[in-house]
Every structure is written in structure tokens, then in C-alpha cells.
Amino acid sequence: MQFKGKTVIVTGASRGIGQAIAIAFGNKGAQVVVNYNSNHEAAHQTVKQIEDSGGKAIAIKADVSAFDQAKFLVDQTIKLYGRIDILINNSGITKDQLILRMTEHDFDAVINVNLKGTWNMIKHSSRTMLKQKSGRIINISSVVGIVGNPGQSNYVASKAGIIGLTKSLAKEFGKKQVTVNAVAPGFIETEMTEQLPDTVKEAYLEQIPLARLGQSMDVANTVLFLASEEANYITGQIISVNGGMI
Ligand code: NAP
């Protein structure tokens, strides 16, 4: 799988899964737009890591939940590279709470970043991809978007929404050879999951036939495959990367 000369936007690429995806694309010859929201230092570290291994990358700050900032991110990419070959919608947040205690603000915040942010990015980049008659969109959903999870009604709704968005847009864009797929990771060791108590992590581990927690590269490898020539005939699919959890 080579991506020489391809332009890739990875949202939320300053840390965790997004960072692993950005570095993996950089190592395979792509020019990578490393998006972040607030963690300037981490985003620039990601860029440096890509450049140190001979790749090309640039960091662009944008809150994907804001329609105009998502547009800025897409416009800057087109201005710099003239095209968008691959869009990875990875930015995500959690604000877990049982519904009786969850505030409206925390419901809206999670939906806005995870679901609306994904829609914003596709809304702004799809015209270019459709004109090119080529493009790959890969959205990061979650295992819980498929099976549900108590205490995460906001997050699960956003991740299930991403599945619906993926399937609908695969049908809208198919004729122009723009594919839209989602990856649904299981439990991946990142800052997002670090905060969970050990008892919760152990309970997850018991449900995983491969008997280990996932790593960001497990997700990145699947994303790379879906973005590659080898995945030409795959669209509208939700690919689970969860060690067999479901
Ligand atoms: P993470 O380590 O918490 O990183 C989140 C990333 O999203 C950061 O780069 C952050 O940027 C960015 N971000 C947050 N809000 C943003 C916004 N408004 N606009 C643009 N970027 C924003 O998370 P992760 O564990 O790598 O998760 C990445 C994706 O995988 C998420 O969509 C998550 O829901 C999904 N996922 C994760 C797991 C897991 O077990 N970890 C499982 C299933 C699905 P800053 O650094 O600037 O804050």
C-alpha cells in the first residue's frame, strides 16, 4: 500500500488513533494534513515525527464541530495541495454520564464534535472529491455505536449516527467513485480510555477473544487498507477492529 503524492486530511491527529493514522500515511508517502483542536504542541510533534521519517505534513488547527472552521481546514488543504484524496474523520470526545445526570450541554457537545464534525468535513470536501471522480472517506465510529453502552447515550448516538451517515453517503457518492466506509474500533489504549478504572478495563479484556486491548496501529492499518487501491470495490461498510469483542 503506497500513497505517494496523495493528500490526506486526518482530523484529531494530534494524539491517539488519529496520530497513528497520520504517521502511517506519512510513512507511505502521503502529504498529511494533521488537524487538531487545541493541543498545538502534540500536533506539531506529530508533524515532526512524519517529517523526521522523510514524509510531508502540516498542522492545521480547526474545531471540526464549527461549520466555518471545518470549511477553513478543507479550503486550506485545497489551497496547499490542489486536491483531497483521502479524508479520515477521527476527531472525537466523550462526556460519559447516565442519562438522569447527563446535561443537555454534554449531549450537544459530543454530538457536535463526533457527528456534526464528521458531517461538516464531508460537506466541505465532497464537492472536490466528486469533481475529481475519486476519493476515500473513512469515518471512525465505535463498537458501542453498534451494540450500545450504558452511560454513553450521547457518544453512542453520535457513533451510531456516523454509521448511518456512512451508509447514506456511500450511496450518494458511489457513481463518482468516491467510497465511504467506517471503522468501528473496540477498546483501544489511548488517552480517551486511559481515564477508565482498571476494573472497567479488566471487564473489557474478559470480552476480547484475542486477549489484549487494541493499539492505535491496529486501527491505522485497517484505515490504510480502506484508503488503498486494494479496497477499490468496498463502500458503505462498517469494519470492526475489536479483537473479536462482538
Ligand atoms: P484521543 O486520544 O482523546 O484524541 C482525540 C483527538 O480528537 C485529539 O487529536 C483531539 O485534538 C481531537 N479533537 C477533539 N475535539 C476536537 C474538535 N472539536 N475538533 C478537532 N479535533 C478534535 O482519542 P482516541 O482514543 O485517539 O479516539 C480517536 C477516535 O476513535 C474518536 O473518534 C473516538 O471516539 C474513536 N474511538 C476510540 C476508541 C478507543 O478505545 N480509544 C474506541 C472506539 C472509537 P486535541 O489534541 O487538539 O484536543
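Whatever comes next refers back to the structure up there.
Residues numbered from 1 in each chain as written. Predicted model: local features only at pLDDT ≥ 70, side-chain atom pairs only at ≥ 80, totals over all residues. Heavy atoms only, no water.

## A closer look at the overall build of the chain
Working step 1: Looking only at helices and strands, the chain features nine helices and seven strands.
Working step 2: A compact globule built from 246 residues should have a C-alpha radius of gyration of about 18 Å, and the chain, at 17 Å, falls within 12% of that.
Working step 3: Across its three principal axes, the chain shows a C-alpha extent of roughly 45 × 35 × 35 Å.
Working step 4: A total of 246 residues make up the chain; the buried ones form 50% of that total.
Working step 5: Residue pairs in contact within the chain that sit at least 24 positions apart in sequence constitute 74% of those at least 6 positions apart.
Working step 6: Carbon and sulfur atoms make up 52% of the accessible area of the chain, which amounts to about 11,900 Å² in all.
Working step 7: Distance between charge centroids for the chain: 12 Å, based on 25 positive and 21 negative side chains. (Helix = DSSP H or I, 4+ residues; strand = E, 2+ residues; numbered from the N terminus. Rg over C-alpha atoms; globule rule 2.2 N^0.38 Å. Buried < 20%, exposed > 50% of the residue type's maximum accessible area, 1.4 Å probe, protein only. Contact = heavy atoms within 4.5 Å. Areas by Shrake-Rupley, 256 points an atom, 1.4 Å probe, with all protein chains shown as cover. Lys, Arg positive; Asp, Glu negative; His and termini not counted. Charge placed at Lys NZ, Arg CZ, Asp CG, Glu CD.)

## A few points about the pairing of strand β6 (residues 178-185)
Working step 1: Judged by how many residues are buried, β6 sits mostly within the fold: eight of eight residues are covered.
Working step 2: Going residue by residue along β6, you find Val178, Val180, Ala182 and Ala184 tucked away on one face and Thr179, Asn181, Val183 and Pro185 tucked away on the opposite face as well.
Working step 3: Inspection of the sheet shows strand β5 (residues 135-140) paired to β6 by six bridges, in the parallel sense. Across the sheet, the residue bridging to Ile140 is Val183, located in β6.
Working step 4: Here four bridges tie β6 to strand β7 (residues 238-241), and the two strands are oriented parallel to one another. Bridging across to β7, Ala184 finds its partner in Ser240. (Pairing = 2+ DSSP bridges.)

## Comments concerning the site of the ligand
Working step 1: Around the ligand sit 32 residues in total, of which Ser14, Ser38, Asn90, Tyr155 and Thr190 are the nearest.
Working step 2: Asp63 is positioned such that a nitrogen or oxygen atom in its side chain is 2.8 Å from a nitrogen atom of the ligand.
Working step 3: Side-chain polar atom of Ser91 to a nitrogen atom of the ligand: 2.9 Å apart, as the coordinates give it.
Working step 4: Taken together, the elements giving at least two residues each to the shell around the ligand come down to α1 (16-27), β2 (31-36), α6 (153-173) and α7 (191-194).
Working step 5: Of the residues forming the shell around the ligand, the biggest block, three residues, is contributed by α7.
Working step 6: Among the residues making up the shell around the ligand, the classes are represented as 13 nonpolar, 15 polar and four charged. (Near = heavy atom within 4 Å. Polar contact = N/O pair within 3.5 Å; in protein donor to acceptor, adjacent residues only side chain to side chain. Nonpolar A, V, L, I, M, F, W, Y, C, P; charged D, E, K, R; others polar.)

## Observations concerning helix α2 (residues 40-52)
Working step 1: Between the first and last C-alpha of α2 there are 18 Å, a value that for 13 residues agrees with the 18 Å anticipated at 1.5 Å per step.
Working step 2: Restricting attention to buried positions, one finds in α2 the residues Ala42, Ala43, Thr46, Val47 and Ile50. Projection of α2 onto a plane perpendicular to its axis shows the buried side chains occupying an angular sector of 145°, all on one side. Of the exposed residues in α2, those oriented more than 90 degrees away from the buried face are Glu41 and Asp52.
Working step 3: Taken together, the buried residues of α2 touch α1, β2 and β3 (56-61). (Expected span 1.5 Å × (residues − 1). Arc of directions from axis to C-beta.)

## A word on the sheet that holds β6
Working step 1: On the basis of which strands lie adjacent, the open sheet formed by seven strands has the order β3-β2-β1-β4-β5-β6-β7 and parallel pairing. At either margin of the open sheet sits one strand with a lone partner, and together these are β3 and β7. For this sheet, the mean angle separating the axes of adjacent strands, direction not counted, is 20°.
Working step 2: Here helix α9 (residues 216-227) sits on the sheet and contacts β4 (86-89), β5, β6 and β7; the angle it forms with β5, its principal contact strand, is near 155°. (Axes fitted to C-alpha atoms, helices over the stretch in contact; angles between N-to-C directions.)

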